[in-house]
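Summary of the model geometry
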Amino acid sequence: MTSLLKMAAGVAALALIPAAANAQAAAAPAAVVNTGVAVVDLEGAVGNSAAYRSAMTQIETTYKAQLTALQTRQTALQTELTPLRTEIETLQKNPATPKATLDAKIAAFQLKGQNAQAELQRLAAPVARPQAYVKEQIGAKVEQALKAAMTAKKVGIVIGPEAVVAVQGGSDLTPDVVTQLNALVPSVTITPPANWQPGQTGQATAPAGR
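Bear in mind that the values here come from a model prediction, so they are computed numbers and not experimental data.

**Here's the deal with the overall build of the protein chain**
When helices and strands are counted, the protein chain shows nine helices and two strands. Going from the N terminus to the C terminus, the protein chain shows its helices and strands as α-α-β-α-α-α-α-α-β-α-α. Within the protein chain, the fraction of its 210 residues that count as buried is 33%. The long-range share in the protein chain, meaning contacts at least 24 apart out of those at least 6 apart in sequence, stands at 89%.

What follows is the structure, encoded as structure tokens:
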């Protein structure tokens, strides 16, 4: 079921962590002179926070029927698409296949795949929305948690994991950010307000944190 939660979140394609906190480099508070460099995975920190894990468990229970329906339909669509893909691969291997025939098969397959993706997005929407709300509530505190972790570890610069070539022990600040998030956001709700739109939580909390 966890993989379905990841899928439901993925189809939403939402930016859930404030841009200032998601940058590869961040300066520590001006009053503290820190020169250390560390790696931090902010998405991973959110996903490993106690509030997020608890909320995902609640979502799995609350939206069990929707997740089951999503899994069932995903499996059915894969079953429908697999023979079409196999047919195209067979035609591609045959030099005698007319180009017009192959192009028509590919176009039909792509259209069916696009329709399948759109259907899965609709089915995932009821689950993706609370997931997005959970992430945004926690994400609103990421910048504060990151700065606190940097100050505590005397780190002046942090970089994202995609920029890392090698890391020595103790250079990963992610667990420290998780600890700070657990203190700042002990729990969150999985039920967004009726008029909530992605981005509103961060906008509402930003002034208070500055």
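**Some thoughts on the packing of aromatic side chains**
In this structure the tally under the stated criterion is one aromatic pair. Summarising the aromatic geometry, the rings of Tyr-133 and Trp-196 are spaced 5.1 Å apart at their centres and angled 70° between planes, so their arrangement reads as edge-to-face. You can see Tyr-133 sitting in helix α6 (residues 99-139) and its partner Trp-196 sitting in the loop between α8 (174-184) and α9 (200-209), a full 63 residues away along the chain. The residues Tyr-133 and Trp-196 share a single accessibility class, namely buried.

**Some points on the side chain of Asp-176**
Along the polypeptide, Asp-176 turns up in helix α8. Looking at Asp-176, its side chain comes within polar contact range of the side chain of Lys-153, at 3.0 Å. Beyond its immediate chain neighbours, meaning those up to four positions away, Asp-176 contacts Ala-149 and Lys-153.

**Here we look at unusual backbone geometry**
Non-glycine residue Lys-154 carries a positive phi angle of around 55°. Looking at the element boundaries, Lys-154 is found in the loop between α7 (142-153) and β2 (155-159).

**Examining the environment of Lys-154**
For Lys-154, a relative accessible area of 58% gives the class exposed. Along the sequence, Lys-154 and Ala-38 sit 116 residues apart, while their C-alpha atoms lie 9.8 Å from each other.

**Quick notes on the side chain of Ser-49**
Note that Ser-49 resides in the loop between α3 (42-48) and α4 (50-62). For Ser-49, a relative accessible area of 1% corresponds to the buried category. Setting aside anything within four residues of it in sequence, one finds Ser-49 in contact with Ile-138, Val-178, Leu-181 and Asn-182.

**Considerations on the confidence of the model for the protein chain**
Close inspection of predicted coordinates is inappropriate for parts of the model with low pLDDT. Looking at the protein chain, pLDDT values average 83 and 75% of them are 70 or higher. Under a pLDDT of 50 for its full length, residues 11-33 has, in the predicted model, 44 contacts with residues more than four places off or in other chains. In the predicted structure, residues 204-210 sits below a pLDDT of 50 and forms one contact with residues beyond four places in sequence or in another chain.

**A few points about the packing of α4 against α6**
Where α4 contacts α6, the two axes come as close as 10 Å, and the packing angle between them is 165°. The orientation of α4 relative to α6 falls into the category roughly antiparallel. For the pair α4 and α6, the crossing hand works out as right-handed. On α6, the residues touching Ala-51, Tyr-52, Ala-55, Met-56 and Ile-59 of α4 are Val-127, Pro-130, Gln-131, Val-134, Lys-135 and Ile-138.

**Brief notes about the nonpolar core**
Considering soluble globular proteins, one finds that nonpolar side chains tend to be buried as a cluster. Residues Val-134, Ile-138, Leu-146, Leu-173, Val-177 and Leu-181 are the most contacted members of the largest nonpolar core, which totals 29 residues. When residues of this core are traced back to their parent elements, those giving at least two are α3, α4, α6, α7, β2 and α8. With residues near it in sequence (within four places) discarded, Val-134 still touches Tyr-52, Ala-55, Met-56, Ile-59, Val-188, Thr-189 and Ile-190. Grouped together as the second largest cluster of nonpolar side chains are nine residues, Leu-77, Leu-81, Ala-116 and Leu-120 included.

**As for the pattern of salt bridges**
Counted under the stated rule, the structure contains eight salt bridges. Linking Glu-80 and Arg-73 is a salt bridge whose minimum nitrogen-to-oxygen distance equals 3.6 Å. Taking the shortest distance from any N to any O, the salt bridge between Lys-147 and Glu-143 comes out at 3.5 Å. In this pair, Lys-147 and Glu-143 both sit in helix α7, four residues apart, roughly one turn of the helix. Classification of Lys-147 by relative accessible area gives partly exposed; the value is 37%.

How each quantity is defined
Residues numbered from 1 in each chain as written. Predicted model: local features only at pLDDT ≥ 70, side-chain atom pairs only at ≥ 80, totals over all residues. Heavy atoms only, no water. Helix = DSSP H or I, 4+ residues; strand = E, 2+ residues; numbered from the N terminus. Buried < 20%, exposed > 50% of the residue type's maximum accessible area, 1.4 Å probe, protein only. Contact = heavy atoms within 4.5 Å. Phe/Tyr/Trp six-rings, centres within 6.5 Å; stacked < 30°, edge-to-face > 60°. Polar contact = N/O pair within 3.5 Å; in protein donor to acceptor, adjacent residues only side chain to side chain. pLDDT = per-residue confidence, 0-100. Axes fitted to C-alpha atoms, helices over the stretch in contact; angles between N-to-C directions. Parallel < 35°, antiparallel > 145°, perpendicular 65-115°, else oblique. Left-handed = near helix turned anticlockwise from the far one by under 90°. Core = buried A, V, L, I, M, F, W, Y, C linked by side-chain atoms within 4.5 Å. Salt bridge = Lys/Arg side-chain N within 4 Å of Asp/Glu carboxyl O.

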